[in-house]
Amino acid sequence: MKLIMLGAPGAGKGTQAKMIAKKYQIPHISTGDIFRANIKSQTELGMKAKSFMDQGMLVPDEITIGMLMDRIKEPDCAGGYVLDGFPRTIPQAESLTKALSDMGTAVDYAVNVDVPDDNIIGRMSGRRACLNCGATYHVAFNPPKTENVCNICGQNLVLREDDKPETVKKRLDVYHQQTQPLIDYYKKAGVLVEVDGTQNMEDVFKSIVKVLGAE
Ligand code: AP5
Ligand code: MG
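Keep in mind that this is a model prediction, so the values were computed, not measured.

Undergrad: So what's going on with the side chain of Ser30? Which residues, and what values?
TA: Examined against the element boundaries, Ser30 turns out to sit in strand 2 (residues 28-30). Take Ser30: its relative accessible area is 6%, and that puts it in the buried class. Engagement of the side chain of Ser30 in a polar contact is seen with the backbone nitrogen of Asp33, the distance being 2.9 Å. Beyond its immediate sequence surroundings of up to four residues, Ser30 is in contact with Arg36 and Asp84.

Below is the structure:
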C-alpha cells in the first residue's frame, strides 16, 4: 500500500502516519524528519535545508525530490510506504506520479487530515519533539510518561525551532499557497480520502482505517 498524508502543518500527519506504519507494517517516510536528522548530524543537505526550514519556507524542489526518490527505491519500500510531508508542491506530486508510473504503479490513497488554522497554533505550541528518534508528543493531548523525556529512547524533548508562533503563521501561508492545491490534484486522480482531523487521535485513526481496510 502506497499512501500520502496531506494536511496543514500540525494537522497530525506525523501522528497518524506512525500509527498507520505500525498497523500496516510499512515504513513511515517523513521528509521533515529526514531533514532534521541531516541538520542534527550537520550534513551538507542538512545545512542547505536548515535556512529554509527555520524561516518556515519550503526546501527547494531540486533538493527534496531527489532525496525522496532515492528513499523510496530502498528495499524496505518494496511493499509500500506512508509518505508524510511529501509531496508538498505540484512539481513534487508530478515527479512522484511520473516515477511511480515508470515503475508501473501509483499512489493508492492520499489521506487529507483536515484541521482549521485556528486549531493549529495551539497544537504547535504544545508539541514536544524528540530529535533523536522522531517521536512527537503534546503537553496536553499526548504527554510523555515522564515530563520532557521521550518514552521510546529516553532523550530530552524540545520545542521545534519552527514551532514558534510567527514561524507557524508563515508555514500556514506557505501551506495554503503551495500545498493545498494537492487536495484537488489527488481528488482528480480518484485517490483522495478526507478525514476530520479535529477529532481525537484515536478517532482520526479509526476514520482512516475504515477506508484503508483492516488488512
Ligand atoms: P514537517 O516536519 O513535515 O512539518 P509540517 O508539515 O509543518 O508538519 P508538522 O510535522 O509540523 O505537523 P504534523 O502534521 O506532522 O503534526 P503532528 O502529528 O506532529 O516539515 C518541516 C519543514 O521541513 C517544512 O516547513 C519545510 O521547510 C521542510 N520540508 C519538509 N518536507 C518538505 C517537502 N516535501 N518539500 C519542501 N520542504 C519540506 O501533530 C502536531 C501536534 O498536535 C503534536 O503535538 C501532536 O501530539 C498533536 N496532535 C496530533 N493529532 C492530534 C489530535 N487529533 N488532537 C489533538 N492533538 C493532536
Ligand atoms: Mg510531522
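Resuming the write-up.
Undergrad: With reference to specific residues and values, describe the nonpolar core.
TA: The tendency in soluble globular proteins is for nonpolar side chains to be buried side by side. Among the nonpolar cores identified, the biggest contains 48 residues, and Met5, Ile20, Leu83, Leu96 and Tyr186 are the most heavily contacted of them. In terms of residue count, the dominant contributor to this core is helix 9 (residues 201-212) (five residues). Counting residues in hydrophobic clusters, the runner-up holds seven residues, among them Ile39, Ala49, Met53 and Ile63.

Undergrad: Quick one: what's the story with the sheet that holds strand 1 (residues 2-6), residue by residue and with numbers?
TA: The sheet built from five strands is open, its strands ordered 2-3-1-4-7 with parallel pairing. At either margin of the open sheet sits one strand with a lone partner, and together these are strand 2 and strand 7 (192-196). This sheet shows a mean twist of 20 degrees between the axes of neighbouring strands, independent of strand direction. Bridge count between strand 1 and strand 3 (residues 81-84): four bridges; the pairing is parallel.

Undergrad: Kindly report on helix 1 (residues 13-24), identifying the contributing residues and their values.
TA: Since one α-helical turn is 3.6 residues long, residues separated by three or four positions face the same way. Across its 12 residues, helix 1 extends 16 Å between first and last C-alpha, which sits within 8% of the 16 Å expected from 1.5 Å per residue. Every buried residue of helix 1 is accounted for by Lys13, Gly14, Gln16, Ala17, Ile20, Ala21 and Tyr24. Mapping the buried residues of helix 1 onto a view down its axis gives an arc of 160 degrees, with all of them on the same face. Packing partners of the buried residues in helix 1 comprise strand 1, strand 2, strand 3 and helix 9.

Undergrad: Break down the pairing of strand 1 for me, citing the residues and quoting the values.
TA: Taking burial as the measure, the five residues of strand 1 include five buried ones, the bulk of the element. Across the two faces of strand 1 the burial is the same, with Lys2, Ile4 and Leu6 and Leu3 and Met5 all buried.

Undergrad: Let's hear about the environment of Lys50: which residues, and what values?
TA: Counting through the fold element by element, Lys50 comes out in helix 3 (residues 44-54). What makes Lys50 partly exposed here is its relative accessible area of 32%. With 15 residues separating them in the primary sequence, Lys50 and Phe35 have C-alpha atoms 7.8 Å apart.

What counts, and at which threshold
- Each chain carries its own residue numbering, running from 1 in the direction its sequence is written.
- Chains carry letters from A onward and ligands carry numbers from 1 onward, assigned in written order.
- Per-residue local features of the predicted model are confined to residues with pLDDT of at least 70, and side-chain atom pairs are confined, for both listing and counting, to 80 or more; whole-chain, interface and lining totals are unaffected and use all residues.
- As a rule here, side-chain values come from all non-hydrogen atoms in the structure, and water together with hydrogens is ignored.
- In DSSP terms, a helix is any run of H or I states spanning at least four residues, a strand is any run of E spanning at least two, and both are numbered starting from the N terminus.
- Each residue gets one of three labels from its accessible area relative to the maximum for its type: buried under 20%, exposed over 50%, partly exposed in between, using a 1.4 Å probe on protein chains only.
- Throughout this description, a polar contact denotes any pair of N or O atoms lying within 3.5 Å of each other; where both atoms belong to protein, one of them has to be capable of donating a hydrogen while the other can accept it, and for residues adjacent in sequence the pair is counted only when both atoms sit in side chains.
- In this analysis, two residues are considered to be in contact whenever any of their non-hydrogen atoms come within 4.5 Å of each other.
- Buried residues of nine kinds, namely Ala, Val, Leu, Ile, Met, Phe, Trp, Tyr and Cys, make up a nonpolar core once their side-chain atoms join them within 4.5 Å.
- Only when DSSP finds a minimum of two bridges between them are two strands counted as paired.
- Fitted lines through C-alpha atoms serve as axes, helices being fitted only where they are in contact, and the angles separating the N-to-C directions of these axes extend from 0 to 180 degrees.
- Helix span is expected to be 1.5 Å times the residue number reduced by one.
- Arc definition: directions from the helix axis to the C-beta atoms.

By themselves, these observations are geometric and do not establish any function.
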